Amino acid sequence: MDRVRERDIDGLDTLLQFGSTVRGEAQGLGSDVDFLAIVDDDADRDAVERALSDLAYDVMAEYGPVVEVHVRSRSTVERQRDHPFFSRAFREGQVHV
């Protein structure tokens, strides 16, 4: 997460880590590391996604596990907050940014 903070990605509001890694159920390199990136509605979502994907690739190359980054706008998250994907991310999530 230090890499994300150092990069200071414009428009990135919140970065939540969730899933098996957070729950302590990860099974070595077979488990992925899941993130939900929430961006401002007026942010360049593609630019944020590219920046986070570049960082995820660096982490995967260095440490091995697959890193999944799901980028969504603030309004989408608020509108679909009850969707199982978002409710699980918020229930389990650890905020990193």
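Since the model is a prediction, treat every value here as computed from it, not as a measurement.

K.L.:
Now, about the pairing of strand S1 (residues 12-18): what can you tell me, with residues and values included?
P.N.:
Taking burial as the measure, the seven residues of S1 include six buried ones, the bulk of the element. As defined by bridge partners, S1 adjoins strand S2 (residues 33-39) across six bridges and the pair is classed as antiparallel. Bridge pairing in S2 places Thr 14 opposite Ile 38. Two elements, S1 and strand S4 (residues 94-95), share two bridges in a ladder whose sense is antiparallel. From the neighbouring strand, Gln 17 faces S4, where its bridge partner is Gln 94.

K.L.:
Describe helix H5 (residues 84-92), naming the residues involved and giving the relevant values.
P.N.:
When H5 is considered as a whole, its buried residues turn out to be Phe 85, Phe 86, Ala 89 and Glu 92. Around the axis of H5, the buried residues are gathered within 145° of arc, so they sit on the same side. H5 presents Pro 84 and Arg 91 as exposed residues on the side facing more than 90 degrees away from its buried surface. Those residues of H5 that are buried are in contact with S1, helix H2 (20-23), S2, strand S3 (67-73), helix H4 (74-79) and S4.

K.L.:
So what's going on with the pattern of salt bridges? Which residues, and what values?
P.N.:
On inspection of all chains with the given rule, the structure shows three salt bridges. Here Glu 92 makes a salt bridge to Arg 23, at a shortest N to O gap of 2.7 Å. With Glu 92 in helix H5 and Arg 23 in helix H2, this residue pair connects regions lying 69 residues apart in the sequence. For Arg 23, a relative accessible area of 38% translates into the label partly exposed. A network of salt bridges, in which partner residues are shared, links Arg 23, Glu 25 and Glu 92.

K.L.:
Pulling in residues and values, what's your account of the environment of Leu 15?
P.N.:
Mapped onto the fold, Leu 15 is located in strand S1. When its relative accessible area of 3% is taken as the criterion, Leu 15 is described as buried. For the pair Leu 15 and Tyr 63, spaced 48 residues apart in the sequence, the C-alpha separation amounts to 20 Å.

K.L.:
Outline the sheet that holds S1, listing residues and values.
P.N.:
Pairing in this open sheet of four strands is mixed, and the strands run S3-S2-S1-S4 from one edge to the other. Either end of the sheet is taken by a strand with one partner, and the two such strands are S3 and S4. Here helix H3 (residues 45-63) sits on the sheet and contacts S1, S2 and S3; the angle it forms with S3, its principal contact strand, is near 165°. The sheet contacts of H5 involve S1, S2, S3 and S4, and relative to S1 the element is tilted by about 80°.

K.L.:
Let's hear about the packing of aromatic side chains: which residues, and what values?
P.N.:
With the rule as written, the count across this model stands at two aromatic pairs. Ring centres of Phe 18 and Phe 85 lie 5.6 Å apart, and the angle between their planes is 85°; this geometry places the pair in the edge-to-face category. Of this pair, Phe 18 sits in strand S1 while Phe 85 is found in helix H5, placing the two residues 67 residues apart along the sequence. Judged on exposure class, the residue Phe 18 and its partner Phe 85 are both buried. Each ring, one from Phe 85 and one from Phe 86, has its centre 5.2 Å from the other, and the planes form 75°; the classification is edge-to-face. Look at Phe 85 and you get buried, because its relative accessible area is 19%. Each member of the aromatic cluster is reached from another via a ring pair, and the members are Phe 18, Phe 85 and Phe 86. A cation sits over an aromatic face here: Arg 81 above Phe 90, 4.2 Å from the ring centre.

Here is what the cut-offs are and how they apply
- Residues numbered from 1 in each chain as written.
- Predicted model: local features only at pLDDT ≥ 70, side-chain atom pairs only at ≥ 80, totals over all residues.
- Heavy atoms only, no water.
- Buried < 20%, exposed > 50% of the residue type's maximum accessible area, 1.4 Å probe, protein only.
- Helix = DSSP H or I, 4+ residues; strand = E, 2+ residues; numbered from the N terminus.
- Pairing = 2+ DSSP bridges.
- Arc of directions from axis to C-beta.
- Contact = heavy atoms within 4.5 Å.
- Salt bridge = Lys/Arg side-chain N within 4 Å of Asp/Glu carboxyl O.
- Axes fitted to C-alpha atoms, helices over the stretch in contact; angles between N-to-C directions.
- Phe/Tyr/Trp six-rings, centres within 6.5 Å; stacked < 30°, edge-to-face > 60°.
- Lys NZ or Arg CZ within 6 Å of the ring centre and 35° of its normal.

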